[in-house]
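Residues per chain are reported as follows:
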Amino acid sequence: MSAIVSPSMLSANFGELNKDIEMINRSEADWFHIDVMDGVFVPNISFGFPVIQAINKKAEKPLDVHLMIVDPDRYIKQFKDVGAEILTVHYEACTHLHRTVQNIKSHGMKAGVSLNPHTSVALLEDIITDIDLVLLMSVNPGFGGQSYIENTYSKVKQLKELAKCKQTQVIIEIDGGVDTSNAQKLVDCGADALVAGSAVFKSDDPEATIAKLKCR
Ligand code: DX5
Ligand code: ZN
């Protein structure tokens, strides 16, 4: 099975956003990865609803929205309204994670939970059967263009094992420092979906890079 590829719009050229959206539409990419940062949960601010709405107008593939924000419950309906199909929140940002997950699902979106590099996969034991996707951060969230953290391979394997143990299907997505040098190994460890920002948008041939990241 080939990997789901989700190019991160954080690395797109916002001056010519339509060009980059059209490139992803044409390419073999599966989703649009949308990083929302609030300057509180992470030391950076990205973009909000008007930009996501503009992307959604042109995007012909699902929006995979990654919230790096505190108290995401306040905005779940708004993310649905601007086109999110998958909505991922951080384990570390949600006091009542189960309630947040139910809230996301009640709005008809797929629910994802993201773990920072230091957060153990074992902490998902009591929520894994309720969620559609786990987003493993392979860098500390907040910025594109950082180096991949090698320990992620072992987290992917542990997560795969946990899902098997719990007899549940969950999409394992990896985010941060993913490129054509580590994609295949991630897939071999059990990753289903790969996010790539700089590897795609800084490449001389973004469409060809996306095709390589599919790991066929
Ligand atoms: C980082 C974001 C990532 C980022 C990935 O906090 O969650 O999605 O855009 O960028 P690269 O692929 O450049 O590491
Ligand atoms: Zn992300």
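As shown above, the structure is provided for reference.
A brief report on the enclosed structure follows. This one's a predicted model, so the numbers in the text were calculated from it and none came from an experiment. Note on numbering: residues in each chain are counted from 1, in written sequence order. Chains carry letters and ligands carry numbers; both start at the beginning, A for chains and 1 for ligands, and go up in the order they are written. With pLDDT at 70 or above as the cut-off, local features in this predicted model cover only qualifying residues; side-chain atom pairs require 80 or more to be listed or tallied, and sums for whole chains, interfaces and linings still use all residues. Note that water and hydrogens are dropped before the side-chain values are worked out from all heavy atoms of the structure.

### What about unusual backbone geometry?
Phi at Gln-167 takes a positive value of approximately 50°, unusual for a residue other than glycine. Strands are runs of DSSP state E lasting at least two residues, helices are runs of H or I lasting at least four, and both sets are numbered from the N terminus onward. Examined against the element boundaries, Gln-167 turns out to sit in the loop between α5 (152-165) and β7 (171-175). With phi around 55°, Cys-215 is a residue other than glycine that occupies positive phi space. Mapped onto the elements, Cys-215 comes out in the segment after α8 (206-213).

### Re the sheet that holds strand β5 (residues 110-115)
One open sheet holds the eight strands; their spatial order is β1-β8-β7-β6-β5-β4-β3-β2, and the pairing between them is parallel. Here the strands that pair on one side only, and so sit at the sheet edges, are β1 (4-7) and β2 (32-37). On average, adjacent strands in this sheet sit at an angle of 25° to one another, irrespective of strand direction. The pairing of β2 with strand β3 (residues 63-68) spans six bridges and is parallel. By the bridge assignment for β3, Phe-32 is matched with Leu-63. Where helix α4 (residues 97-106) meets the sheet, its contacts fall on β4 (84-90) and β5, and the angle it forms with β5 comes to roughly 145°. When DSSP finds at least two bridges between two strands, those strands are taken to pair. Fitted lines through C-alpha atoms serve as axes, helices being fitted only where they are in contact, and the angles separating the N-to-C directions of these axes extend from 0 to 180 degrees. Contacts between residues were defined by any pair of non-hydrogen atoms, one from each residue, lying within 4.5 Å.

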